[in-house]
Amino acid sequence: MGYASNSKDVFKYRHESIEKYNIVTLDHRVYSKSADTDEWNVRRPVKNSGTAGNRILIILTAMWDNCCRRSGSTSDLSRETVDAYSPINRSDSPLAPQTPENFNYYMFGCSKYIQDLRSNPMLKKILIVTSKDDSVWQSVTTTARNLDWAVNRVSSSEEALECFHKGNEVPAVAFVDCRHQNDKTVDAHQIARSLRSIRKNAHVVLVALVRKSFVVRNEKDVTSILTSGFNKIIVETCNKNVWIKELQQLEKEDISVRSMLIQQDAVLAALDKTKDLVIITDLKHNIQYMNKMGSIVLGYAPEDVVNQPLAVFHQLGDIDQITKKLQKNIEWDGKVSWKCKNGEPVYLQCRAFPFRSFGKETTNFIYVQETIAEGHGYPRGSVPSIRKGSYDLKSINSDDFSFKGAQSARRQSLAKLHNLPLEAPITKVISLICTAQENSNDQVVQILDKVVDILRVTELYSSHLKTENIKFDDPVTSDLIGALITQGPMHVTSTRRSSNDSATVKNQPYGMGIAKMNFMTSVTPQIKELLDMSLYWDFNVFKLEELSMKRPLVHLGMNLLMHFEVHKTLGCDERTLHAWLTVIESHYHAKNTYHNSTHAADVLQATAMFLEKDRIKRLLDQLDEACCLIAAITHDIDHPGKSSAFLCNSQNDLAILYNDISVLESHHAALTFKLTTRDERLNIFKGLEKDTYKVVRQNIIDMILATEMTKHFEHLAKFVSVCNKPSSLDEAPVDGLTPSDVSPETIAPTSAEEVNLVKRMLIKCADVSNPTRPLKMCVEWAKRIAEEYFNQTDEEKINHLPVVMPMFDRVTCSIPKSQIGFMDYIINDMFETWDSFIDMPEMLYYMRSNYQYWKDLEEKGTISINEICKTMTTTLPKIPESSGNH
Ligand SMILES: Nc1ncnc2c1ncn2[C@@H]1O[C@@H]2COP(=O)(O)O[C@H]2[C@H]1O
């Protein structure tokens, strides 16, 4: 950094090339040089944050011009290419730098927004402040008017300030007479200080008119004039040519910059109104700017975050993978979890990119994040980044309180609902909110109004999750998620189980004690060894598929059903279980690449692992466990390898039978009971009491139907809002309890409906857990599902049916893109939520690293499965061949 505080110093720098510096502060204006155009552009300063690598020179214009004149040369820093900026060096200014070392400049690329002055004539207004009209002012006035300036003159400090306070006719430039030292009516310093103390006048160009002797006589006076808030010092003259030059310069530099700053203010205001959360950091990843939405969502005031390392606000504390990418000048796109001031995490879809304001190097990093209201204040594991369902934050963020009257009237009418005889729980809730509003501040009232608005819609869980509300990032994702979550409405059978329900078994006619042993002796040692790993997340179901000759479900099923003593719970024996599993497995289509019995075994294995988790164990009884395992085993039975949409489009018998509603899932559930109950030899339910069987049946049907993806967001949202209570309790402990006093038992969901929500979530997670498995398995599943989608597309094309997912064409489809889309929209949120409930870090670990793997492949432009397989160090088992076991 260079710093010139007197003309001698400036002389010193005259002999240095100004090219050495990439930031110059001239006359307290700040310029930086563009590497591309070699032009100097104005920069807006921020206080106290050093930027590595910037070379800064500070010069005062008056001295600089003086030096130039004395040295007989013109300024190296051509005035023609410089945009000016108002002074920052006032001691009362929040932007005032304390020492030259503290200078840093917030790059805002504003030169792009400079408006042509001609389009903004409002700014060509001059105010002359002088107590003495003389030939100098007459010369200024005439010249200015000839150049289309509007000129107004006042004769005292008070009148001058009045002009600025009035508002409408605020002049862009004020010339203040500083030639008469003892002039009591025009006090230049007072005018400057008063003006600069008001923020809206920060951009007024203040020009001091001084005597010829002034600059040469006293450098201290020059500094004092400039530091009091003046931008320019002009020496008195009656020479109209000089005034033409000065006025043109004012127009080109000062006024155009003012115009630019006005627009920059507008941009900043827009940033404050946007629903996106914007953060800008410097090169060291220290936050330089965060917009208002940042404060709203994260809960920090701007001063809490400015100059703080970004990592401090990152929930997982490791923001390395993002910053590394940015440092390599690579844009980053993905989920980021930020830490709110209240300690809660908020997950946002983020696009981070490097920004080069000048020079060849990056100067800043910018993070733009989609925010939605769900993300704010939701407990851990919320679904904020289901960006497709964003709320309108307008009212929350609005400064306009004028609609309060209307809101209050509405509250009153809502309160009347309370008195209606048909009072429903939702009206009670709304009424309670209305009561709470009475004693709340405006902001809370507005937020609660929004809450009430949301509660009033009929489809509480699904209305905002329709595909038309979702903006997908790419067509593959659009196809996939669109196909998964759109279909006609489905009625979910609600199972209510009273707390007295228990597994009631008619009798236990079989020798249970030896059941497991008998079965296990019939498997090969290799399979046995593999099955010993059946309660580990990296269990290799493909290996079992291979060793069992594509009968993984019977083997794993026997192993796990015995482990959970399902035979005891149901009151059946090993042989029935084995026969049942054999028949069930035989109704899975081995020719399907994905929806075959290996998938059922995989879902069963995930289900078993979830059932082993403490939180689940506390919640579910043995009958629940049995239902979960059976539902997992049967949930895709007789899957044709085509989607429900395909069946509807092709007018398949199943679609006709089930009226296009939940076609596949209804079929899976119905067939399960048909197969199981029609033959006594495989009826695993035959030992159950009638009422227990009813409960079991309802439970299994409910879980199988819950695997329907069209209801995905509904199930997820319900689970989040009802079951993820602990963190909300953490926030507001009741009855003197601290969060640590609240044991999981105290807060675990207990109602039958809440238990149902957990079971639905459990099977849903198990069903799509493949992206959270170790990489090799995750890739294999991706390959299998893509192959099945491709087959469907092929068949649709051959049969001239509507193509449900046109992007899933085996020649063009990008597998990484499809996986990223699937994870972005379906997997990541759901598993973060599920993990927050059951605590299974290995699952999240694989999910995150797999996601990164797909991202890396996408970046490299890898598309096909063959290319992907080449990137894997070891080869994976082959896709099953078309010979079926069906
Ligand atoms: N890795 C994956 N990539 C894309 N889609 C998937 C993946 N895993 C599961 N799915 C889809 O998610 C759906 C969940 O329900 P289904 O098993 O009926 O069908 C599944 C597939 O359509």
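Only a predicted model underlies this, so the values are computations on that prediction, with no experimental measurement involved.

**Q** Could you clarify how one ought to interpret the UniProt feature "active site" (unreviewed entry) in the protein in this entry?
**A** UniProt marks His-595 with the feature "active site" (unreviewed entry), using the numbering shown here. Excluding residues that lie within four positions of it along the chain, His-595 makes contacts with Tyr-588, His-589, Asp-636, His-639, Ile-785 and Glu-788.

**Q** Would you mind going over the site of the ligand with me for this structure?
**A** Around the ligand, a shell composed of 14 residues is seen, among which His-595, Asn-770, Tyr-789, Gln-819 and Phe-822 lie nearest. Between His-595 and the ligand, the recorded distance is 2.8 Å, taken from a side-chain N or O atom to an oxygen atom. Here an oxygen atom of the ligand and a side-chain polar atom of Asp-636 are 3.3 Å apart. Alone, the ligand offers 460 Å² of accessible surface; in the complex the protein occludes 95% of this.

**Q** Where do I start with the pattern of salt bridges in this structure?
**A** Pairing between side chains becomes possible if they bear opposite charge and their charged atoms approach one another. Under the definition given, this model contains 28 salt bridges. When the shortest N-O distance is used, the salt bridge between Arg-784 and Glu-780 registers 2.8 Å. Taken together, the positions of Arg-784 and Glu-780, both in helix α34 (residues 775-798) and four residues apart, correspond to about one turn of that helix. The pair Arg-784 / Glu-780 is uniform in exposure class, with both members buried. Of the charged contacts, one joins Arg-810 and Asp-794 as a salt bridge, the two residues approaching to 2.7 Å between their closest N and O atoms. Note that Arg-810 is positioned in the loop between α34 and α35 (815-838) and Asp-794 in helix α34, a separation of 16 residues in sequence. Beyond isolated ion pairs, a larger network of salt bridges with shared partners links Asp-134, Asp-177, Arg-179, Arg-211 and Glu-236.

**Q** How should the packing of helix α3 (residues 135-146) against helix α8 (residues 240-273) be read in this particular structure?
**A** Close contact between α3 and α8 brings their axes to 9 Å; oriented N to C, the two are set at 55 degrees. Considered as vectors, α3 and α8 are oriented oblique to each other. Crossing handedness for the pair α3 and α8: right-handed. Of the residues in α8, those touching α3 at Val-136, Ser-139, Val-140, Thr-142, Thr-143 and Ala-144 are Lys-240, Trp-243, Ile-244 and Leu-247. Among the residues forming the contact of α3 with α8, the class breakdown is six nonpolar, three polar and one charged.

**Q** For this particular structure, what's the right way to read the sheet that holds strand β17 (residues 364-370)?
**A** Picture the strands of a sheet paired through backbone hydrogen bonds; they go either parallel or antiparallel. Spatially, β14-β13-β17-β16-β15 is the arrangement adopted by the five strands of the open sheet, whose pairing is antiparallel. Sheet topology places β14 (287-290) and β15 (332-339) at the edges, where each strand pairs with a single neighbour. The average angle at which neighbouring strand axes cross in this sheet is 30 degrees, direction not considered. By the bridge criterion, eight bridges tie β15 to strand β16 (residues 345-355) in an arrangement that is antiparallel. Paired with Gly-334 across the two strands is Cys-350, which belongs to β16.

**Q** Help me understand the UniProt feature "binding site: Zn(2+) 2" (unreviewed entry) in the protein in this model?
**A** Feature annotation in UniProt assigns "binding site: Zn(2+) 2" (unreviewed entry) to the following positions: Asp-636. Apart from residues lying up to four places away in sequence, Asp-636 is in contact with Tyr-588, His-595, His-599, His-668 and Asp-767.

**Q** Explanation requested: unusual backbone geometry in the structure shown.
**A** One can expect most non-glycine residues to show negative phi and most peptide bonds to be in trans. The backbone phi angle of Asp-638 is positive, close to 60 degrees, even though this residue is not glycine. Looking at where Asp-638 falls in the secondary structure, it is placed in the loop between α25 (622-634) and α26 (644-649). For Asp-638, a relative accessible area of 15% gives the class buried. Even without being glycine, Asn-659 reaches a positive phi, approximately 55 degrees. Tracing the backbone through its elements, the reader meets Asn-659 in the loop between α27 (653-657) and α28 (663-678).

**Q** Honestly, the confidence of the model for the protein in this entry has me stumped. Any pointers?
**A** The predicted coordinates of low-pLDDT regions are not to be read in fine detail. The predicted model of the protein has a mean per-residue pLDDT of 75, with 68% of residues at 70 or higher. The low-confidence segment residues 488-503, where pLDDT is below 50, has 39 contacts with residues more than four positions distant or belonging to other chains. In the predicted structure, residues 726-749 sits below a pLDDT of 50 and forms 27 contacts with residues beyond four places in sequence or in another chain.

**Q** Any chance you could explain α28 here in plain terms?
**A** Structural remark: α-helix, 3.6 residues per turn; residues separated by three or four positions point the same way. Taking 1.5 Å per residue, 16 residues should reach 22 Å; α28 reaches 22 Å between its end C-alpha atoms and fits that length. Every buried residue of α28 is accounted for by Val-663, Leu-664, Glu-665, Ser-666, His-667, His-668, Ala-669, Leu-671, Thr-672, Phe-673, Leu-675 and Thr-676.

Definitions and limits used
Position numbers for residues start from 1 in each chain and track the written sequence from start to end. Since the coordinates come from a predicted model, pLDDT governs what is reported: local features require at least 70, and pairs of side-chain atoms require 80 or more to be given and counted, while whole-chain, interface and lining totals use all residues. To obtain the side-chain values, all non-hydrogen atoms of the structure were used and water was disregarded. UniProt positions are given in the numbering used here, feature names are shortened, and annotations may be inferred rather than shown by experiment. Here a residue-residue contact requires only that any non-hydrogen atoms of the pair lie within 4.5 Å. A molecule or strand has a residue near it when one of that residue's heavy atoms lies within 4 Å. Throughout this description, a polar contact denotes any pair of N or O atoms lying within 3.5 Å of each other; where both atoms belong to protein, one of them has to be capable of donating a hydrogen while the other can accept it, and for residues adjacent in sequence the pair is counted only when both atoms sit in side chains. Here the accessible surface of atoms and residues is derived via Shrake-Rupley with a 1.4 Å probe, and residues count as covered only by protein chains that are part of the display. Whenever a carboxyl oxygen of Asp or Glu lies within 4 Å of a side-chain nitrogen of Lys or Arg, that contact is scored as a salt bridge. A helix here means a DSSP run of H or I that spans at least four residues, while a strand means a run of E at least two residues long, and both kinds are numbered starting from the N terminus. A 1.4 Å probe rolled over the protein chains alone gives each residue an accessible area, and that area as a share of the maximum for its type sets the label: buried under 20%, exposed over 50%, partly exposed in between. Axis definition: a line fitted to C-alpha atoms, limited for helices to the stretch in contact. Angles are taken between N-to-C directions and run from 0 to 180 degrees. Reported orientations rely on four angle classes, namely roughly parallel under 35 degrees, roughly antiparallel over 145, roughly perpendicular from 65 to 115, and oblique for the rest. Left-handed describes a crossing in which the near helix is turned anticlockwise from the far one by less than a right angle; the clockwise case is right-handed. The classification used treats Ala, Val, Leu, Ile, Met, Phe, Trp, Tyr, Cys and Pro as nonpolar, Asp, Glu, Lys and Arg as charged, and all other residues, Gly among them, as polar. Pairing between two strands requires that DSSP report at least two bridges joining them. In predicted models, pLDDT denotes the confidence assigned by the predictor to each residue on a 0 to 100 scale. An expected span of 1.5 Å times one less than the residue number is assigned to each helix.

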